[in-house]
Amino acid sequence: MKKVVKFGGSSLASTRQFKKAGEIVRSDKTRRYVVPSAPGKRNDKDEKVTDMLYACYDAASAGTAYKKLLNRIKDRYLEIIDGLGLNLNLDYEFDRIEENFVKGAGRDYAASRGEYLNGLVMASYLGYEFIDAAEVIFFDALGNFESDTTNKELSERLAHVERAVIPGFYGSRHDGTIKTFSRGGSDVTGSIVAKAIHADVYENWTDVSGFLVADPRIVDNPQVIETITYKELRELAYMGASVLHEDAIFPVRKEGIPINIRNTNKPEDKGTLIVESTLRKPRYTITGIAGKKGFCAINIEKAMMNTEVGFGRKVLGVFEKFGISFEHMPSGIDTMTIMVHQDEFEEYEQSVIAGIHRAVEPDSVDLESDLALVAVVGRGMKATRGTAGRIFSALAHARINVKMIDQGSSELNIIIGVKNVDFEAAIKAIYDIFVTAELQVL
Ligand code: ASP
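Conventions and cut-offs
Residues numbered from 1 in each chain as written. Predicted model: local features only at pLDDT ≥ 70, side-chain atom pairs only at ≥ 80, totals over all residues. Heavy atoms only, no water. Helix = DSSP H or I, 4+ residues; strand = E, 2+ residues; numbered from the N terminus. Buried < 20%, exposed > 50% of the residue type's maximum accessible area, 1.4 Å probe, protein only. Contact = heavy atoms within 4.5 Å. Lys, Arg positive; Asp, Glu negative; His and termini not counted. Charge placed at Lys NZ, Arg CZ, Asp CG, Glu CD. Near = heavy atom within 4 Å. Polar contact = N/O pair within 3.5 Å; in protein donor to acceptor, adjacent residues only side chain to side chain. Areas by Shrake-Rupley, 256 points an atom, 1.4 Å probe, with all protein chains shown as cover. Nonpolar A, V, L, I, M, F, W, Y, C, P; charged D, E, K, R; others polar. Salt bridge = Lys/Arg side-chain N within 4 Å of Asp/Glu carboxyl O. Pairing = 2+ DSSP bridges. Axes fitted to C-alpha atoms, helices over the stretch in contact; angles between N-to-C directions. Phe/Tyr/Trp six-rings, centres within 6.5 Å; stacked < 30°, edge-to-face > 60°. Expected span 1.5 Å × (residues − 1). Left-handed = near helix turned anticlockwise from the far one by under 90°.

Asker: What am I meant to see in the overall build of the protein chain here?
Answerer: When you go through the protein chain residue by residue, the secondary structure sums to 14 helices and 17 strands. In terms of overall dimensions, the protein chain has a C-alpha envelope of 80 × 55 × 40 Å along the principal axes. When each of the 442 residues of the protein chain is scored for burial, the buried share is 52%. Taking the contacts inside the protein chain whose residues are at least 6 apart along the sequence as the reference set, 75% of them involve residues at least 24 apart. The centroid of the 56 positive side-chain charges in the protein chain is displaced by 4 Å from the centroid of its 63 negative side-chain charges.

Okay, structure coming up:
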(Lines give C-alpha, C1' and ligand atoms only; values in the text may rest on other atoms or scores of the structure.)
Protein backbone atom coordinates (compact mmCIF):
# COMPACT_ATOMS: atom_id res chain seq x y z
CA MET A 1 0.00 0.00 0.00
CA LYS A 2 1.33 3.44 -0.99
CA LYS A 3 -0.27 6.78 -0.28
CA VAL A 4 0.50 10.28 -1.48
CA VAL A 5 -0.44 12.94 1.03
CA LYS A 6 -0.81 16.57 0.09
CA PHE A 7 -1.15 19.26 2.74
CA GLY A 8 -2.75 22.59 1.89
CA GLY A 9 -1.50 25.97 3.08
CA SER A 10 -3.71 26.22 6.16
CA SER A 11 -2.49 22.75 7.25
CA LEU A 12 1.10 24.06 7.27
CA ALA A 13 0.60 27.68 8.31
CA SER A 14 2.27 27.45 11.73
CA THR A 15 4.27 25.18 14.03
CA ARG A 16 1.03 23.89 15.51
CA GLN A 17 -0.35 22.94 12.12
CA PHE A 18 2.95 21.41 11.02
CA LYS A 19 2.89 19.17 14.08
CA LYS A 20 -0.59 17.95 13.21
CA ALA A 21 0.56 17.18 9.66
CA GLY A 22 3.66 15.39 11.00
CA GLU A 23 1.52 13.24 13.27
CA ILE A 24 -0.75 12.33 10.38
CA VAL A 25 2.20 11.21 8.24
CA ARG A 26 3.86 9.29 11.05
CA SER A 27 0.69 7.53 12.12
CA ASP A 28 0.55 5.56 8.86
CA LYS A 29 3.67 3.97 7.36
CA THR A 30 2.10 3.88 3.91
CA ARG A 31 2.05 7.70 3.74
CA ARG A 32 5.32 7.68 1.85
CA TYR A 33 5.19 10.69 -0.46
CA VAL A 34 4.34 14.11 0.89
CA VAL A 35 3.42 17.17 -1.18
CA PRO A 36 3.34 20.41 0.81
CA SER A 37 1.85 23.80 -0.10
CA ALA A 38 3.40 27.06 1.09
CA PRO A 39 2.35 28.27 4.55
CA GLY A 40 -1.15 29.72 4.29
CA LYS A 41 -3.17 31.97 6.57
CA ARG A 42 -3.04 31.40 10.33
CA ASN A 43 -6.22 33.38 10.80
CA ASP A 44 -8.63 35.46 8.74
CA LYS A 45 -6.47 38.56 8.81
CA ASP A 46 -3.22 36.78 8.00
CA GLU A 47 -1.47 36.64 4.62
CA LYS A 48 -0.51 33.63 2.55
CA VAL A 49 3.23 33.30 1.99
CA THR A 50 2.56 32.93 -1.76
CA ASP A 51 0.89 36.35 -1.85
CA MET A 52 3.75 37.88 0.14
CA LEU A 53 6.24 36.40 -2.33
CA TYR A 54 4.44 37.88 -5.32
CA ALA A 55 4.39 41.31 -3.65
CA CYS A 56 8.01 41.08 -2.57
CA TYR A 57 9.14 40.06 -6.04
CA ASP A 58 7.17 42.85 -7.72
CA ALA A 59 8.88 45.37 -5.45
CA ALA A 60 12.38 43.90 -5.80
CA SER A 61 12.25 43.51 -9.57
CA ALA A 62 10.92 47.05 -9.93
CA GLY A 63 13.81 48.37 -7.85
CA THR A 64 11.59 49.53 -4.95
CA ALA A 65 11.82 48.67 -1.24
CA TYR A 66 11.30 44.98 -0.58
CA LYS A 67 13.55 44.05 2.38
CA LYS A 68 10.90 44.46 5.07
CA LEU A 69 8.56 42.14 3.26
CA LEU A 70 11.33 39.61 2.63
CA ASN A 71 12.11 39.62 6.35
CA ARG A 72 8.47 38.99 7.16
CA ILE A 73 8.53 35.99 4.85
CA LYS A 74 11.71 34.75 6.56
CA ASP A 75 10.00 35.14 9.92
CA ARG A 76 7.14 32.90 8.82
CA TYR A 77 9.60 30.07 8.19
CA LEU A 78 11.73 30.81 11.26
CA GLU A 79 8.68 30.58 13.48
CA ILE A 80 8.00 27.09 12.11
CA ILE A 81 11.62 25.90 12.14
CA ASP A 82 12.20 27.11 15.72
CA GLY A 83 8.85 25.80 16.88
CA LEU A 84 9.65 22.37 15.53
CA GLY A 85 13.16 22.52 16.99
CA LEU A 86 14.79 21.72 13.65
CA ASN A 87 18.45 22.00 12.90
CA LEU A 88 17.87 23.77 9.61
CA ASN A 89 19.23 27.06 8.38
CA LEU A 90 17.62 28.72 5.37
CA ASP A 91 20.02 31.72 5.16
CA TYR A 92 21.75 30.41 2.06
CA GLU A 93 18.41 29.77 0.36
CA PHE A 94 17.10 33.23 1.20
CA ASP A 95 20.30 34.87 -0.12
CA ARG A 96 19.87 33.08 -3.41
CA ILE A 97 16.18 33.96 -3.57
CA GLU A 98 16.95 37.63 -2.94
CA GLU A 99 19.61 37.66 -5.65
CA ASN A 100 17.23 36.08 -8.14
CA PHE A 101 14.43 38.48 -7.23
CA VAL A 102 16.62 41.50 -7.91
CA LYS A 103 17.78 39.92 -11.17
CA GLY A 104 14.12 39.52 -12.21
CA ALA A 105 13.86 35.72 -12.25
CA GLY A 106 10.10 35.89 -12.85
CA ARG A 107 6.89 35.83 -10.82
CA ASP A 108 6.50 32.08 -11.16
CA TYR A 109 9.96 31.55 -9.70
CA ALA A 110 9.06 33.91 -6.85
CA ALA A 111 5.78 32.22 -5.99
CA SER A 112 7.27 28.74 -6.20
CA ARG A 113 9.74 29.51 -3.42
CA GLY A 114 6.92 29.23 -0.89
CA GLU A 115 6.49 25.54 -1.62
CA TYR A 116 10.21 24.96 -2.20
CA LEU A 117 11.16 26.26 1.26
CA ASN A 118 8.24 24.53 2.95
CA GLY A 119 9.37 21.31 1.27
CA LEU A 120 12.82 21.70 2.80
CA VAL A 121 11.25 22.26 6.21
CA MET A 122 8.90 19.30 5.84
CA ALA A 123 11.67 16.95 4.64
CA SER A 124 13.86 17.92 7.58
CA TYR A 125 10.96 17.50 10.03
CA LEU A 126 9.94 14.07 8.74
CA GLY A 127 13.44 12.82 7.89
CA TYR A 128 12.27 12.18 4.30
CA GLU A 129 14.33 12.82 1.16
CA PHE A 130 13.72 16.21 -0.48
CA ILE A 131 13.11 16.15 -4.23
CA ASP A 132 12.94 19.52 -5.96
CA ALA A 133 9.83 19.58 -8.17
CA ALA A 134 11.88 21.46 -10.80
CA GLU A 135 13.80 18.23 -11.43
CA VAL A 136 10.79 16.02 -11.99
CA ILE A 137 7.82 18.08 -13.18
CA PHE A 138 8.05 19.58 -16.66
CA PHE A 139 6.42 22.22 -18.81
CA ASP A 140 7.00 23.00 -22.48
CA ALA A 141 8.30 26.36 -23.71
CA LEU A 142 4.75 27.70 -23.91
CA GLY A 143 4.09 26.75 -20.32
CA ASN A 144 1.88 23.70 -20.94
CA PHE A 145 2.30 20.84 -18.50
CA GLU A 146 4.10 17.86 -20.10
CA SER A 147 2.31 14.90 -18.70
CA ASP A 148 4.23 12.05 -20.37
CA THR A 149 7.77 13.34 -19.78
CA THR A 150 6.88 14.14 -16.20
CA ASN A 151 5.33 10.78 -15.52
CA LYS A 152 8.35 8.93 -16.91
CA GLU A 153 10.93 11.00 -15.06
CA LEU A 154 9.00 11.09 -11.80
CA SER A 155 8.21 7.39 -11.68
CA GLU A 156 11.82 6.46 -12.45
CA ARG A 157 13.10 8.79 -9.77
CA LEU A 158 10.64 7.70 -7.11
CA ALA A 159 11.17 4.00 -7.83
CA HIS A 160 14.42 4.28 -5.89
CA VAL A 161 13.17 6.50 -3.10
CA GLU A 162 11.27 4.94 -0.24
CA ARG A 163 9.98 8.20 1.28
CA ALA A 164 10.12 11.70 -0.14
CA VAL A 165 8.83 15.24 0.06
CA ILE A 166 8.07 16.87 -3.30
CA PRO A 167 6.96 20.51 -3.06
CA GLY A 168 3.68 21.35 -4.77
CA PHE A 169 2.68 24.02 -7.28
CA TYR A 170 5.65 24.20 -9.66
CA GLY A 171 7.99 22.49 -12.08
CA SER A 172 10.39 23.70 -14.75
CA ARG A 173 10.67 24.31 -18.47
CA HIS A 174 13.45 22.56 -20.33
CA ASP A 175 15.61 25.69 -20.18
CA GLY A 176 15.51 25.40 -16.39
CA THR A 177 13.19 28.33 -15.72
CA ILE A 178 10.47 27.77 -13.13
CA LYS A 179 6.81 27.52 -14.07
CA THR A 180 3.88 27.19 -11.66
CA PHE A 181 0.41 25.78 -12.11
CA SER A 182 -2.43 28.21 -11.52
CA ARG A 183 -3.28 29.18 -7.93
CA GLY A 184 -4.06 26.26 -5.68
CA GLY A 185 -1.91 24.09 -7.95
CA SER A 186 -0.30 21.95 -5.26
CA ASP A 187 -3.43 19.82 -5.59
CA VAL A 188 -2.32 19.10 -9.15
CA THR A 189 1.20 18.13 -8.07
CA GLY A 190 -0.23 15.67 -5.54
CA SER A 191 -2.28 14.06 -8.26
CA ILE A 192 0.72 13.82 -10.62
CA VAL A 193 2.82 12.16 -7.94
CA ALA A 194 0.00 9.74 -7.11
CA LYS A 195 -0.21 8.73 -10.75
CA ALA A 196 3.56 8.28 -11.08
CA ILE A 197 3.85 5.89 -8.15
CA HIS A 198 0.52 4.12 -8.78
CA ALA A 199 -0.69 5.16 -5.36
CA ASP A 200 -3.56 3.30 -3.76
CA VAL A 201 -5.03 6.59 -2.68
CA TYR A 202 -4.24 10.29 -2.99
CA GLU A 203 -5.01 11.96 0.33
CA ASN A 204 -5.61 15.68 0.11
CA TRP A 205 -5.45 17.21 3.60
CA THR A 206 -7.15 20.55 4.06
CA ASP A 207 -9.17 22.47 6.66
CA VAL A 208 -12.62 21.01 6.00
CA SER A 209 -13.87 17.47 6.49
CA GLY A 210 -14.58 16.99 2.80
CA PHE A 211 -17.06 18.22 0.25
CA LEU A 212 -20.22 19.49 1.79
CA VAL A 213 -23.65 18.74 0.38
CA ALA A 214 -24.32 22.49 0.18
CA ASP A 215 -22.49 25.77 0.75
CA PRO A 216 -22.11 26.32 4.53
CA ARG A 217 -22.65 30.05 4.03
CA ILE A 218 -26.19 29.20 2.93
CA VAL A 219 -27.07 26.04 4.87
CA ASP A 220 -26.17 25.70 8.55
CA ASN A 221 -23.80 22.85 9.20
CA PRO A 222 -24.37 20.92 6.00
CA GLN A 223 -23.61 17.20 5.86
CA VAL A 224 -20.37 15.95 4.34
CA ILE A 225 -20.52 13.96 1.09
CA GLU A 226 -19.01 10.53 1.83
CA THR A 227 -18.44 9.36 -1.73
CA ILE A 228 -18.68 11.33 -4.93
CA THR A 229 -17.83 10.40 -8.50
CA TYR A 230 -15.58 12.52 -10.70
CA LYS A 231 -18.55 13.36 -12.90
CA GLU A 232 -20.66 14.58 -9.99
CA LEU A 233 -17.73 16.57 -8.71
CA ARG A 234 -17.29 18.24 -12.06
CA GLU A 235 -20.97 19.27 -12.12
CA LEU A 236 -20.79 20.74 -8.63
CA ALA A 237 -17.43 22.41 -9.18
CA TYR A 238 -18.68 24.01 -12.39
CA MET A 239 -21.51 25.53 -10.41
CA GLY A 240 -19.15 27.04 -7.90
CA ALA A 241 -18.44 24.42 -5.22
CA SER A 242 -14.69 24.32 -4.69
CA VAL A 243 -12.32 22.42 -2.45
CA LEU A 244 -9.95 21.00 -5.01
CA HIS A 245 -8.13 22.51 -8.02
CA GLU A 246 -10.08 21.66 -11.16
CA ASP A 247 -7.10 20.06 -12.92
CA ALA A 248 -6.25 17.83 -9.98
CA ILE A 249 -8.63 15.11 -11.02
CA PHE A 250 -7.18 14.37 -14.47
CA PRO A 251 -3.91 12.54 -13.62
CA VAL A 252 -5.46 10.22 -11.04
CA ARG A 253 -8.74 9.76 -12.84
CA LYS A 254 -6.97 8.10 -15.75
CA GLU A 255 -5.42 5.62 -13.34
CA GLY A 256 -8.52 4.92 -11.29
CA ILE A 257 -6.86 6.25 -8.12
CA PRO A 258 -9.35 7.65 -5.58
CA ILE A 259 -8.81 11.04 -3.96
CA ASN A 260 -9.63 11.30 -0.28
CA ILE A 261 -10.27 14.84 1.01
CA ARG A 262 -9.34 14.93 4.72
CA ASN A 263 -9.30 17.48 7.52
CA THR A 264 -5.91 18.09 9.19
CA ASN A 265 -7.72 19.52 12.21
CA LYS A 266 -10.01 16.49 12.51
CA PRO A 267 -8.00 13.51 11.31
CA GLU A 268 -10.57 11.12 12.78
CA ASP A 269 -13.13 12.24 10.16
CA LYS A 270 -13.23 10.05 7.09
CA GLY A 271 -13.65 12.96 4.70
CA THR A 272 -14.87 12.61 1.13
CA LEU A 273 -13.79 9.89 -1.26
CA ILE A 274 -13.74 10.91 -4.93
CA VAL A 275 -13.92 7.92 -7.25
CA GLU A 276 -14.33 7.05 -10.92
CA SER A 277 -17.44 4.98 -10.27
CA THR A 278 -18.92 3.18 -7.32
CA LEU A 279 -21.68 0.85 -6.26
CA ARG A 280 -21.87 2.71 -2.98
CA LYS A 281 -25.27 4.27 -2.71
CA PRO A 282 -25.26 7.94 -1.82
CA ARG A 283 -26.62 8.55 1.66
CA TYR A 284 -29.36 10.76 0.35
CA THR A 285 -31.09 10.77 -3.03
CA ILE A 286 -28.93 13.70 -4.05
CA THR A 287 -25.17 14.01 -3.72
CA GLY A 288 -24.89 17.78 -3.61
CA ILE A 289 -26.38 21.16 -4.46
CA ALA A 290 -24.48 24.13 -5.84
CA GLY A 291 -25.37 27.24 -7.74
CA LYS A 292 -24.42 30.61 -9.05
CA LYS A 293 -26.03 33.99 -9.32
CA GLY A 294 -25.60 36.52 -12.08
CA PHE A 295 -27.29 35.11 -15.17
CA CYS A 296 -29.75 36.68 -17.56
CA ALA A 297 -32.19 35.30 -20.10
CA ILE A 298 -32.76 36.45 -23.66
CA ASN A 299 -36.25 35.39 -24.71
CA ILE A 300 -36.90 35.24 -28.43
CA GLU A 301 -40.37 34.82 -29.89
CA LYS A 302 -41.37 34.19 -33.46
CA ALA A 303 -44.55 32.66 -34.80
CA MET A 304 -43.85 29.38 -36.59
CA MET A 305 -40.27 29.33 -35.29
CA ASN A 306 -40.47 25.54 -35.18
CA THR A 307 -40.71 25.25 -38.95
CA GLU A 308 -37.56 27.27 -39.61
CA VAL A 309 -34.61 24.92 -39.98
CA GLY A 310 -31.38 26.51 -38.73
CA PHE A 311 -33.11 29.02 -36.42
CA GLY A 312 -31.19 27.94 -33.33
CA ARG A 313 -27.86 27.89 -35.14
CA LYS A 314 -28.35 31.42 -36.45
CA VAL A 315 -29.27 32.73 -32.99
CA LEU A 316 -26.31 31.02 -31.33
CA GLY A 317 -24.06 32.36 -34.11
CA VAL A 318 -24.79 35.88 -32.88
CA PHE A 319 -23.62 34.98 -29.36
CA GLU A 320 -20.58 33.27 -30.78
CA LYS A 321 -19.68 36.37 -32.77
CA PHE A 322 -19.45 38.36 -29.53
CA GLY A 323 -17.58 35.62 -27.67
CA ILE A 324 -20.47 35.00 -25.24
CA SER A 325 -20.85 31.40 -24.17
CA PHE A 326 -24.34 30.21 -23.34
CA GLU A 327 -25.25 28.13 -20.32
CA HIS A 328 -28.72 26.82 -21.15
CA MET A 329 -31.20 26.99 -23.97
CA PRO A 330 -34.74 25.99 -22.99
CA SER A 331 -37.20 26.28 -25.85
CA GLY A 332 -40.91 26.16 -26.62
CA ILE A 333 -42.72 25.88 -29.94
CA ASP A 334 -42.47 29.53 -30.87
CA THR A 335 -40.03 30.65 -28.19
CA MET A 336 -36.44 30.11 -27.42
CA THR A 337 -34.49 31.33 -24.41
CA ILE A 338 -30.74 31.69 -24.12
CA MET A 339 -29.26 31.93 -20.65
CA VAL A 340 -25.88 33.61 -20.36
CA HIS A 341 -23.66 35.23 -17.74
CA GLN A 342 -25.05 38.69 -17.21
CA ASP A 343 -21.66 40.41 -16.98
CA GLU A 344 -20.51 38.87 -20.27
CA PHE A 345 -23.74 39.87 -21.98
CA GLU A 346 -24.14 43.41 -20.69
CA GLU A 347 -21.19 44.74 -22.62
CA TYR A 348 -22.72 43.71 -25.96
CA GLU A 349 -26.40 43.91 -25.04
CA GLN A 350 -27.69 46.12 -27.84
CA SER A 351 -25.40 44.64 -30.48
CA VAL A 352 -26.63 41.13 -29.66
CA ILE A 353 -30.27 42.19 -29.87
CA ALA A 354 -29.63 43.89 -33.20
CA GLY A 355 -27.71 40.82 -34.37
CA ILE A 356 -30.63 38.52 -33.51
CA HIS A 357 -33.05 40.76 -35.37
CA ARG A 358 -30.86 40.67 -38.43
CA ALA A 359 -30.23 36.95 -38.24
CA VAL A 360 -33.75 35.57 -37.65
CA GLU A 361 -36.27 38.45 -37.82
CA PRO A 362 -38.08 37.55 -34.59
CA ASP A 363 -41.42 39.01 -33.46
CA SER A 364 -39.86 40.10 -30.19
CA VAL A 365 -36.72 39.84 -28.09
CA ASP A 366 -36.98 40.57 -24.41
CA LEU A 367 -34.56 40.30 -21.55
CA GLU A 368 -34.79 39.15 -17.99
CA SER A 369 -31.97 40.01 -15.61
CA ASP A 370 -30.76 38.86 -12.17
CA LEU A 371 -31.31 35.14 -12.45
CA ALA A 372 -29.55 32.36 -10.57
CA LEU A 373 -28.98 28.73 -11.48
CA VAL A 374 -29.13 25.94 -8.94
CA ALA A 375 -27.75 22.50 -9.81
CA VAL A 376 -29.05 19.47 -7.95
CA VAL A 377 -26.55 16.70 -8.61
CA GLY A 378 -26.58 13.02 -7.81
CA ARG A 379 -26.00 9.63 -9.36
CA GLY A 380 -28.80 8.38 -7.10
CA MET A 381 -31.41 10.43 -8.96
CA LYS A 382 -31.32 8.13 -11.96
CA ALA A 383 -32.78 5.22 -10.10
CA THR A 384 -35.26 7.21 -8.06
CA ARG A 385 -38.70 8.29 -9.12
CA GLY A 386 -40.15 11.56 -7.98
CA THR A 387 -36.92 13.50 -7.49
CA ALA A 388 -38.01 16.35 -9.74
CA GLY A 389 -41.42 16.32 -8.10
CA ARG A 390 -39.87 16.68 -4.66
CA ILE A 391 -37.65 19.54 -5.78
CA PHE A 392 -40.53 21.50 -7.25
CA SER A 393 -42.92 20.94 -4.40
CA ALA A 394 -40.17 22.07 -1.97
CA LEU A 395 -39.68 25.22 -4.03
CA ALA A 396 -43.42 25.82 -4.24
CA HIS A 397 -43.74 25.50 -0.46
CA ALA A 398 -40.94 28.03 -0.07
CA ARG A 399 -42.91 30.31 -2.44
CA ILE A 400 -40.18 30.31 -5.04
CA ASN A 401 -41.08 30.75 -8.67
CA VAL A 402 -39.14 28.46 -11.00
CA LYS A 403 -38.00 30.25 -14.14
CA MET A 404 -36.33 27.38 -15.93
CA ILE A 405 -35.81 23.64 -15.63
CA ASP A 406 -33.18 21.57 -17.38
CA GLN A 407 -32.47 17.92 -16.72
CA GLY A 408 -29.30 16.66 -18.34
CA SER A 409 -29.74 13.48 -20.38
CA SER A 410 -27.37 11.65 -18.03
CA GLU A 411 -29.96 12.19 -15.26
CA LEU A 412 -27.06 13.21 -13.11
CA ASN A 413 -28.29 16.73 -12.60
CA ILE A 414 -31.34 18.93 -12.61
CA ILE A 415 -30.71 22.63 -13.16
CA ILE A 416 -33.25 25.13 -11.96
CA GLY A 417 -33.36 28.82 -12.80
CA VAL A 418 -34.74 31.18 -10.14
CA LYS A 419 -34.51 34.89 -9.37
CA ASN A 420 -31.26 35.98 -7.69
CA VAL A 421 -33.23 37.02 -4.61
CA ASP A 422 -34.62 33.49 -4.24
CA PHE A 423 -31.26 31.78 -4.63
CA GLU A 424 -30.43 31.09 -0.98
CA ALA A 425 -33.98 30.11 -0.08
CA ALA A 426 -34.08 27.69 -3.02
CA ILE A 427 -30.90 25.93 -1.93
CA LYS A 428 -32.14 25.69 1.66
CA ALA A 429 -35.50 24.29 0.55
CA ILE A 430 -33.87 21.63 -1.64
CA TYR A 431 -31.39 20.71 1.10
CA ASP A 432 -34.18 20.33 3.61
CA ILE A 433 -36.40 18.18 1.46
CA PHE A 434 -33.61 15.73 0.66
CA VAL A 435 -31.07 15.85 3.45
CA THR A 436 -32.85 17.11 6.56
CA ALA A 437 -35.99 15.10 5.79
CA GLU A 438 -34.09 11.92 4.87
CA LEU A 439 -31.88 12.24 7.96
CA GLN A 440 -34.98 12.13 10.10
CA VAL A 441 -36.07 8.89 8.47
CA LEU A 442 -32.64 7.24 8.76
N1 ASP B 1 0.63 28.23 -2.60
C2 ASP B 1 -0.06 28.26 -3.84
C3 ASP B 1 -1.27 29.17 -3.74
O4 ASP B 1 -1.45 29.85 -2.76
C5 ASP B 1 -0.40 26.91 -4.34
C6 ASP B 1 -1.18 26.03 -3.40
O7 ASP B 1 -1.31 26.33 -2.22
O8 ASP B 1 -1.70 25.00 -3.85
O9 ASP B 1 -2.02 29.24 -4.67
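Asker: I'm lost on unusual backbone geometry in this one. Help?
Answerer: In terms of backbone geometry, most residues other than glycine have negative phi values and most peptide bonds are trans. Although it is not a glycine, E361 sits at a positive phi angle of roughly 45°. Inspection of the secondary structure assignment puts E361 in the loop between α12 (349–360) and β15 (364–377). A positive phi angle is found at D370, which is not glycine, with a value near 55°. For D370, a relative accessible area of 37% corresponds to the partly exposed category.

Asker: Sorry, what's going on with the site of the ligand here?
Answerer: Residues in close proximity to the ligand include S37, K48, T50, E115, F169, R183, G184, G185 and S186, which together make up its full environment. Contact distances for the ligand include 2.7 Å between an oxygen atom and a side-chain N or O atom of R183. A distance of 3.4 Å is found between an oxygen atom of the ligand and a backbone nitrogen or oxygen belonging to G185. Contact with the protein chains removes 94% of the 260 Å² of surface that the ligand exposes when unbound. Within the shell around the ligand, the residues separate by chemical class into one nonpolar, five polar and three charged.

Asker: Explanation requested: the pattern of salt bridges in the structure shown.
Answerer: Pairing is possible between side chains that carry opposite charge, provided their charged atoms lie close to one another. By the definition in use, this model includes 24 salt bridges. Linking R107 and D58 is a salt bridge whose minimum nitrogen-to-oxygen distance equals 2.9 Å. With a gap of 49 residues between them, R107 in helix α5 (residues 107–126) and D58 in helix α2 (residues 49–61) connect regions that are remote in the sequence. With a relative accessible area of 40%, R107 lands in the partly exposed category. A relative accessible area of 32% places D58 in the partly exposed class. Here R283 makes a salt bridge to E226, at a shortest N to O gap of 3.3 Å. Residue R283 is found in the loop between β11 (272–275) and β12 (288–301), and its partner E226 is found in the loop between β8 (201–206) and β9 (227–229); the two are separated by 57 residues along the sequence. One network of salt bridges, in which partners are shared, links K3, D28, R31, E203 and R262.

Asker: Just checking my understanding: could you explain the pairing of strand β10 (residues 259–263) for this structure?
Answerer: For a regular strand, side-chain orientation follows a simple rule: the groups alternate between the two sheet faces. Of all five residues that make up β10, five are buried, and the element is covered over most of its length. Of the two faces of β10, both are covered, the one formed by I259, I261 and N263 as well as the one formed by N260 and R262. In the sheet, β8 pairs with β10 via five bridges, with the strands oriented parallel. Each residue of the ladder has a partner; that of W205, found in β10, is R262. Where β10 lies against β11, three bridges are found, and the strand directions are antiparallel. Within the sheet, the bridge partner assigned to N260 lies in β11 and is L273.

Asker: Please explain the sheet that holds β10 as it appears in this structure.
Answerer: Pairing between the strands of a sheet comes from backbone hydrogen bonds, and it takes one of two forms, parallel or antiparallel. Pairing is mixed in the open sheet, where eight strands are placed in the order β3-β5-β2-β1-β8-β10-β11-β9. For this open sheet the edge positions go to β3 (129–130) and β9, each flanked by a neighbour on one side alone. The pairing of β9 with β11 spans three bridges and is parallel. Counted as the bridge partner of T229 is V275 from β11. Against the sheet, α5 makes contact with β1 (3–7), β2 (31–36), β3 and β5 (164–165), and its axis sits at roughly 150° relative to β2, the strand it touches most.

Asker: Looking at this structure, I do not really get the packing of aromatic side chains. What am I missing?
Answerer: Any aromatic ring pair is given by two values, namely how distant the centres are and how the planes are angled relative to each other. Applying the stated criterion to the full structure yields 10 aromatic pairs. Seen from their ring centres, F139 and F145 are 6.0 Å apart, and the 65° between their planes marks the pair as edge-to-face. Seen from their ring centres, F322 and Y348 are 5.3 Å apart, and the 35° between their planes marks the pair as tilted. One end of the pair, F322, is in the loop between α10 (311–321) and β13 (326–328); the other, Y348, is in the loop between α11 (342–346) and α12, with 26 residues separating them in the sequence.

Asker: Looking at this structure, how should I read α2?
Answerer: Each full turn of the α-helix corresponds to 3.6 residues, which orients residues three or four apart in the same direction. The first and last C-alpha atoms of α2 sit 18 Å apart over 13 residues, in line with the 18 Å expected at 1.5 Å per residue. Of all the positions in α2, only V49, T50, M52, L53, Y54, C56, Y57, A59 and A60 are classed as buried. Those residues of α2 hidden inside the fold are in contact with α3 (67–84), α4 (91–103) and α5. Phi turns positive one or two residues past the end of α2, at G63, with a value near 80°.

Asker: I tried to follow helix α1 (residues 15–26) on my own but got confused; where do I start?
Answerer: The end-to-end C-alpha distance of α1, which contains 12 residues, comes to 16 Å, matching closely the 16 Å that a straight helix rising 1.5 Å per residue would cover. Of the positions making up α1, those classed as buried are T15, Q17, F18, A21, G22, I24 and V25.

Asker: Help me understand the packing of α2 against α5, please; the structure alone is not making it clear to me.
Answerer: Helix-helix packing: each pair is described by the crossing angle between the helix axes and the interaxial distance. Running from amino to carboxyl end, α2 crosses α5 at an angle of 145°, the nearest separation of the two axes being 8 Å. Judged by the twist between their axes, the crossing of α2 over α5 is right-handed. Residue-level inspection shows V49, T50, L53, Y54, Y57 and D58 of α2 in contact with α5, the latter providing R107, A110, A111, R113, G114 and E115. For the contact of α2 with α5, a count of residues per class yields six nonpolar, two polar and four charged.

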